[in-house]
Amino acid sequence: MSPDNSSLVPSFVVFQVGTRRVALSRDCVAELIASPILFSFPHTSPLITGVVLRRGRIVPVLDLGPGLLGAPSPAARFFLVVERHISNISERCAIPVQGECELVAGIMLPAPGEDEFVAGYLDLNEEQIDVLDLEKAIAAGARGEEEPIPAAEALS
């Protein structure tokens, strides 16, 4: 019997932010949740659209639309809960997604260098899907433009 090589091929979660299909490494994705109640409150961070309650914890909802699309994302039916790592601390946040999410295996190819927050891309059935560097995408969304800022400053 030969060893299973499928575990050697990286997995990615492909999802849609507004009109753009992007991917994240499966390792940083915790779960996909159906539209919980989104609590909004006054604040000054352009990235945070509110919070959701999940498993007894308050989870901030971060809209990647301004950094990826140049405009806020439309209303979402689902949220992708992802694990962030800031310094030595990990935290979860939710990203609103439109449409379906898909788990795919593939090899990430080098990024063409157009967007700072793109770590590489996947070639899926002749469609090029950008793989995001989560921290750089969050930083770009916090500023609302493609020039990244340090992730530690993105939510301050």
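Read on for a plain summary of the structure.

The rules behind the values
Residues numbered from 1 in each chain as written. Predicted model: local features only at pLDDT ≥ 70, side-chain atom pairs only at ≥ 80, totals over all residues. Heavy atoms only, no water. Helix = DSSP H or I, 4+ residues; strand = E, 2+ residues; numbered from the N terminus. Buried < 20%, exposed > 50% of the residue type's maximum accessible area, 1.4 Å probe, protein only. Contact = heavy atoms within 4.5 Å. Areas by Shrake-Rupley, 256 points an atom, 1.4 Å probe, with all protein chains shown as cover. Salt bridge = Lys/Arg side-chain N within 4 Å of Asp/Glu carboxyl O. Pairing = 2+ DSSP bridges. Core = buried A, V, L, I, M, F, W, Y, C linked by side-chain atoms within 4.5 Å.

Overview of the overall build of the protein
Across its full length, the protein holds three helices and 10 strands. Shown N-terminal to C-terminal, the secondary structure of the protein runs as helices and strands in the order β-β-β-β-β-α-β-β-β-β-β-α-α. Expressed as a percentage of its 156 residues, the buried residues of the protein come to 42%. Sequence-distant contacts in the protein: of pairs separated by 6 or more residues, those separated by 24 or more amount to 53%. By element, 52% of the accessible surface of the protein is carried by carbon and sulfur atoms, the whole surface being about 8900 Å².

Looking at the pattern of salt bridges
Within this structure, the stated rule accounts for nine salt bridges. Ionic pairing is found between R21 and E102, a salt bridge with its closest N-O pair at 3.8 Å. Taken together, the residues R21 in strand 2 (residues 20-25) and E102 in strand 7 (residues 89-105) connect sequence positions 81 residues apart. Assessed through its relative accessible area of 28%, R21 is described here as partly exposed. The class for E102 is partly exposed, based on a relative accessible area of 37%. For the salt bridge of R84 with E91, the shortest nitrogen-to-oxygen distance reads 3.3 Å. Residue R84 is classed as buried on the basis of its relative accessible area of 0%. Of the residues examined, E91 reaches a relative accessible area of 29% and is grouped as partly exposed. Three or more residues are tied together by salt bridges with common partners; here these are R21, E102 and E127.

Describing the pairing of strand 10 (residues 127-132)
Here strand 2 pairs with strand 10 via two bridges, running parallel. Counterpart to V22 in the pairing with strand 10 is D130. In this sheet, strand 10 lies alongside strand 9 (residues 118-124) in antiparallel orientation, the contact comprising six bridges. Within strand 10, the residue paired with D123 across the bridge is Q128. Between strand 9 and strand 10, which follow one another and run antiparallel, lie two residues, and N125 among them has a positive phi close to 50 degrees.

Describing the nonpolar core
Grouped together as the largest cluster of nonpolar side chains are 24 residues, with contacts concentrated most on F15, L24, L64, L80, V82 and L132. Listing elements by their share of this core, those giving two or more residues are strand 1 (11-17), strand 2, strand 6 (78-86), strand 7 and helix 2 (134-143). In terms of residue count, the dominant contributor to this core is helix 2 (four residues). When residues no more than four places from it in sequence are discounted, the contact partners of L64 are V17, I95, L132, A137 and I138.

Quick notes on the environment of V97
Inspection of the secondary structure puts V97 in strand 7. The exposure class assigned to V97 is buried, which follows from its relative accessible area of 0%. For the pair V97 and L64, spaced 33 residues apart in sequence, the C-alpha to C-alpha distance is 9.4 Å.

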